[in-house]
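# Topology and contacts: notes
If you want the building blocks of each chain, they are given just below.
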Amino acid sequence: MLEQIKNTASFIQDRVREATSAGASAAGTKTGAGTGAGAEVDFATPEVGIILGTGLGGLVDSIDVKAAIEYGDIPDFPVSTVEGHSGRLIFGLLGGRRVVAMQGRFHYYEGYQPWQVVFPVRVMKFLGIRTLFVSNASGGINTSFRVGDIMVITDHINLIPNPLVGRNIAELGPRFPDMHNLYDAGIRAIATRVAEAEGIKLQYGVYVGGTGPTFETQAEYRYYKAIGGDAAGMSTTPEVIAARHMGIPVFGASVITNVGLSDEVGDHEDVQKQGAAAGKRMTTLFTKIIENLL
Ligand code: HPA
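In short, a report on the structure. Because the structure is predicted, anything quoted here is derived from the model rather than measured.

Okay, the overall build of the protein next. Helix and strand counts for the protein stand at six helices and nine strands. Relative to a compact globule of 294 residues, whose C-alpha radius of gyration would be 19 Å, the protein shows 19 Å and is just as compact. Taking the principal axes of the C-alpha coordinates as reference, the protein spans close to 65 × 45 × 40 Å. Expressed as a percentage of its 294 residues, the buried residues of the protein come to 43%. Taking all contacts inside the protein whose residues are at least 6 apart in sequence as the whole, residues at least 24 apart take part in 82%.

This is the structure we're talking about:
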């Protein structure tokens, strides 16, 4: 497994370097005035990883894209169960930093094994990321939440099979990883500051990750509320667990696309629509936080 992760990471880096050095010589892009050795930016070693969930797809338009690789072209990447587009890894600049963004993620409900869901996160670690940003759409459980709100994830309850089950890969992290400060308090503080400056309203709360693909029953929304949840979704918790296992600080935010404890029925199209509506604010938030990372 570890070999597979490392091999996939080096395959990706080779591809990105091929694409960017070709692009650089054509466009003459170099950093600074000096064009001596080492002056070129290595986009194959991103500082920040981003998983673009529903609501953050538009962030791609803010990235100064230098290279993009289809998941289908990456050996050992999970094969998409969804027909048509399988997703892409995007490399470029955002908020002045080198980033890699996953356009499309792998959900447990699609039939992937838990380790497959987190495989790309582990690959991103070997690309060099030092921080992971995740986004998703979720159903509000906290009754003060409204459709379109953005919730900064302060903690989570994972109800999806844990991706660390199985033989521990010691090179990645410990057998029993600590899950305190799972969503980095320092980055959350930056988020609060940035949101104030930008006039973006934020909610804060606990994300409950369930398997899906069903939306919750009314009784399940009440159950999630009773156990301390503020929002319910079908992703994110496995990826965050894998990131923290490897010691990577995480920031997560969720677009509230429906309000669970109401009479409205779960509707995928509605979720997509509400996700898109909050997209601009999410994009601003993520970009500004990345700009202000220490
Ligand atoms: N439940 C689970 N996942 C979701 C929801 C929800 O209500 N809304 C968007 N994703």
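We are not done yet, so read on.
This brings us to the nonpolar core. Membership of the largest hydrophobic core comes to 72 residues, with the highest contact counts inside it found for I50, V100, A101 and L285. Residues contacting A101, with those up to four places away along its chain left out, are I50, L52, L59, V60, I63 and I90.

Attention shifts here to unusual backbone geometry. Residue P213 is reached from G212 by a cis peptide bond, and omega for that bond is -5°. A positive phi angle, near 75°, is found at D76, a position not held by glycine. With respect to the helices and strands, D76 occurs in the loop between β2 (64–70) and β3 (88–94). When the 15 C-beta atoms within 10 Å are taken as the criterion, D76 is described as partly exposed. One non-glycine residue, N181, lies in positive phi territory at about 50°.

With that settled, the discussion passes to the environment of M234. In this structure, M234 sits in the loop between β8 (231–233) and α5 (237–245). For the pair formed by M234 and I63, sequence separation is 171 residues and the distance between their alpha carbons is 26 Å. Residues in contact with M234, not counting those within four places in the same chain, are H107, Y109, G210, T211, G212 and P213.

Viewed as axis vectors pointing N to C, helix α2 (residues 114–127) and α5 meet at an angle of 55°, and their least axial separation amounts to 9 Å. One way to sum up the angle between α2 and α5 is to call them oblique. Once α2 is placed against α5, the crossing between them reads as right-handed. Facing α2, whose interface residues are P114, V117, V118, V121 and R122, α5 presents P238, E239, A242 and A243. Here the residues of the contact of α2 with α5 sort into seven nonpolar, no polar and two charged.

Now for the site of the ligand. Neighbouring the ligand are 13 residues; A137, G139, A232, G233 and V271 lie closest to it. A total of three residues in the shell around the ligand trace back to one element, the largest contributor, which is strand β5 (residues 131–140).

Taking 1.5 Å as the rise per residue, helix α3 (residues 185–198) with 14 residues should run 20 Å; its terminal C-alpha atoms sit 20 Å apart, in good agreement. Taken together, the buried positions of α3 are occupied by I187, R188, A191, V194 and A195. Seen along its axis, α3 keeps its buried residues to an arc of 125°; they face one direction. Along α3, exposed side chains directed more than 90 degrees from the buried face belong to A185, G186, A189, E196 and A197.

Cut-offs used in this document
Residues numbered from 1 in each chain as written. Predicted model: local features only at pLDDT ≥ 70, side-chain atom pairs only at ≥ 80, totals over all residues. Helix = DSSP H or I, 4+ residues; strand = E, 2+ residues; numbered from the N terminus. Rg over C-alpha atoms; globule rule 2.2 N^0.38 Å. Buried ≥ 20, exposed ≤ 12 C-beta atoms within 10 Å, placed from the backbone. Contact = placed C-beta atoms within 7 Å. Core = buried A, V, L, I, M, F, W, Y, C linked by C-beta atoms within 7 Å. Axes fitted to C-alpha atoms, helices over the stretch in contact; angles between N-to-C directions. Parallel < 35°, antiparallel > 145°, perpendicular 65-115°, else oblique. Left-handed = near helix turned anticlockwise from the far one by under 90°. Nonpolar A, V, L, I, M, F, W, Y, C, P; charged D, E, K, R; others polar. Near = placed C-beta within 6 Å. Expected span 1.5 Å × (residues − 1). Arc of directions from axis to C-beta.

These figures capture arrangement, not role.
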